[in-house]
Amino acid sequence: MRLPAPLPSKIANINFVLSDVDDTLTCDGQLLAETYQAIYQLVGADIKFIPITGGCAGWCDSFARLWPASAVVGENGGLYLKKQPDNSIDYHFWQSVEQRAENQQKLRQLAEQALKQVPDVQLAKDQAYRLVDLAIDYNQDISGISQPQLAEILHVFHAAGANAKASSIHVNAWFGDYSKKAMACHLLEKEYGLTEQQMREQVLFIGDSLNDESMFEFFPNSVGVANIKQHLPLLEHPPKWITQQAHGQGFIQLVSALLRNL
């Protein structure tokens, strides 16, 4: 496995910044004022900012309405939200209503099994606001879950043919062939007309966790904030660069590198 290089002091020719949210923009669950300011600095420099998160549709609705985001991809690629000129929000799903309902029922059954096998975890408190996937909290409102316990949870879903990825706070599970990368590429093509080559040249992604690997693999301009170091042994496709600072401070370092070229 190649190790990420330190983030360069300048990064040129980027028109889109796609960013994970939890522990990439946030620090200890909080979005710091200086990180939010950095987002506005990006947008003020005419760089489109698009959160790419495992977070629930409810969170994504708030991000799309309140943040200066061009669009938001949520639930690990199950949907994206796009603000229109009249400030209304359009929802776009990877799957049909019928598929989502059927998959939710199957995921609930698997979650019951996982919670029986690892009773120290719980459904994420935002599950009621999810429209596509299912989230089990292992490191948000609870803590102390071991790696073997986490592996056992993932195995329950994988054995049933579901996708399951661990973020820094949740295990997200879903049925379907979508991912953060698949929906990000679909969004960039449909809404902005980018070809695959243009995506590789103009788009930068920054993240922090295992469920960001598909993004690190696809986008040559990929960055991990410093707290990703704990996950590097498990990543077959790590980011190209890594920031010196962790969490939202690492995001600020990235923005500084981008703005030095303007």
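Preceding this section is the structure that the text describes.
Described below are features of the structure shown in this document. (Residues numbered from 1 in each chain as written. Predicted model: local features only at pLDDT ≥ 70, side-chain atom pairs only at ≥ 80, totals over all residues. Heavy atoms only, no water.)

Here we take up the pairing of strand β5 (residues 79-83). Most of β5 is tucked away, with four of its five residues classed as buried. Counting the residues in the hairpin turn of strand β4 (residues 71-74) and β5 gives four residues, including Glu 75, whose phi is positive at 50°. Linking β5 to strand β6 (residues 89-93), which pair antiparallel, is a turn of five residues; within it Asn 87 sits at a positive phi near 75°. (Buried < 20%, exposed > 50% of the residue type's maximum accessible area, 1.4 Å probe, protein only. Helix = DSSP H or I, 4+ residues; strand = E, 2+ residues; numbered from the N terminus. Pairing = 2+ DSSP bridges.)

Turning to the sheet that holds β4, a few remarks are in order. An order of β4-β5-β6 is seen for the three strands of this open sheet, with the pairing classed as antiparallel. Each end of this open sheet is capped by a strand with a single partner; those strands are β4 and β6. For this sheet the average axis-to-axis angle between neighbouring strands, irrespective of direction, equals 20°. Bridging between β5 and β6 involves five bridges; their strand directions are antiparallel. From the neighbouring strand, Leu 81 faces β6, where its bridge partner is Tyr 91. Across the sheet, helix α5 (residues 180-192) touches β4, β5 and β6, and the angle it forms with β5 is around 30°. (Axes fitted to C-alpha atoms, helices over the stretch in contact; angles between N-to-C directions. Contact = heavy atoms within 4.5 Å.)

Turning our attention to α5. Look at α5: 17 Å from first C-alpha to last across 13 residues, which is about the 18 Å you get at 1.5 Å a residue. Buried within α5 we find Lys 180, Ala 182, Met 183, Ala 184, Cys 185, Leu 187, Leu 188 and Tyr 192. Remark: Gly 193 follows α5 within two positions and exhibits a positive phi of approximately 70°. (Expected span 1.5 Å × (residues − 1).)

This paragraph deals with helix α8 (residues 247-259). Given a rise of 1.5 Å per residue, 13 residues ought to cover 18 Å, and the 19 Å separating the end C-alpha atoms of α8 matches this to within 8%. Of the residues making up α8, those classed as buried are His 247, Gly 248, Gly 250, Phe 251, Ile 252, Gln 253, Leu 254, Val 255, Ala 257 and Leu 258. The secondary structure elements touched by the buried residues of α8 are β2 (16-19), α1 (33-44), β3 (48-51), β11 (203-207) and β12 (222-224).

Counting 35 residues, the largest nonpolar core has Ile 11, Leu 42, Phe 49, Leu 204, Phe 251 and Leu 254 as its most contacted members. Elements supplying a minimum of two residues to this core: α1, α2 (57-66), β5, β11 and α8. Ignoring sequence-local partners within four residues, the contact set of Leu 254 consists of Leu 7, Ile 11, Leu 204, Ile 206 and Val 223. (Core = buried A, V, L, I, M, F, W, Y, C linked by side-chain atoms within 4.5 Å.)

What follows covers the environment of Lys 165. By the element assignment, Lys 165 lies in strand β9 (residues 163-166). Under the relative-accessibility criterion, Lys 165 is labelled partly exposed at 41%. On a C-alpha basis, the gap between Lys 165 and Phe 216 in space is 15 Å, while along the polypeptide they are 51 residues apart. Not counting residues up to four positions away in its chain, the partners in contact with Lys 165 are Leu 154, His 170, Val 171, Asn 172, Trp 174 and Asn 211.

What follows is about the packing of aromatic side chains. Summed over the entire model, instances satisfying the criterion amount to 11 aromatic pairs. Consider the rings of Tyr 36 and Tyr 40, whose centres lie 5.3 Å apart with planes at 90°: the pair is edge-to-face. Of this pair, Tyr 36 and Tyr 40 both sit in helix α1, separated by four residues, roughly a single helical turn. We classify Tyr 40 as partly exposed; its relative accessible area is 43%. Judged by centre distance (6.2 Å) and plane angle (35°), the ring pair of Tyr 91 and Phe 93 falls under tilted. Among the aromatic side chains, those forming a connected cluster through ring pairs are Tyr 36, Tyr 40, Phe 49, Phe 63, Trp 67 and Phe 251. (Phe/Tyr/Trp six-rings, centres within 6.5 Å; stacked < 30°, edge-to-face > 60°.)

Attention now goes to the pattern of salt bridges. Taken as a whole, this structure holds seven salt bridges when the rule is applied. Across the salt bridge formed by Arg 130 and Asp 126, the nearest N and O atoms sit 3.0 Å from each other. For the pair Arg 130 and Asp 126, one class covers both residues: buried. Residues Lys 180 and Asp 212 are paired through a salt bridge, measuring 2.6 Å at the closest nitrogen-oxygen approach. Of this pair, Lys 180 sits in helix α5 while Asp 212 is found in the loop between β11 and α7 (213-218), placing the two residues 32 residues apart along the sequence. Each of the two residues, Lys 180 as well as Asp 212, counts as buried. Residues participating in the shared-partner salt-bridge network are Asp 20, Lys 180 and Asp 212. (Salt bridge = Lys/Arg side-chain N within 4 Å of Asp/Glu carboxyl O.)

Without other data, these values stay purely geometric and don't point to any function.
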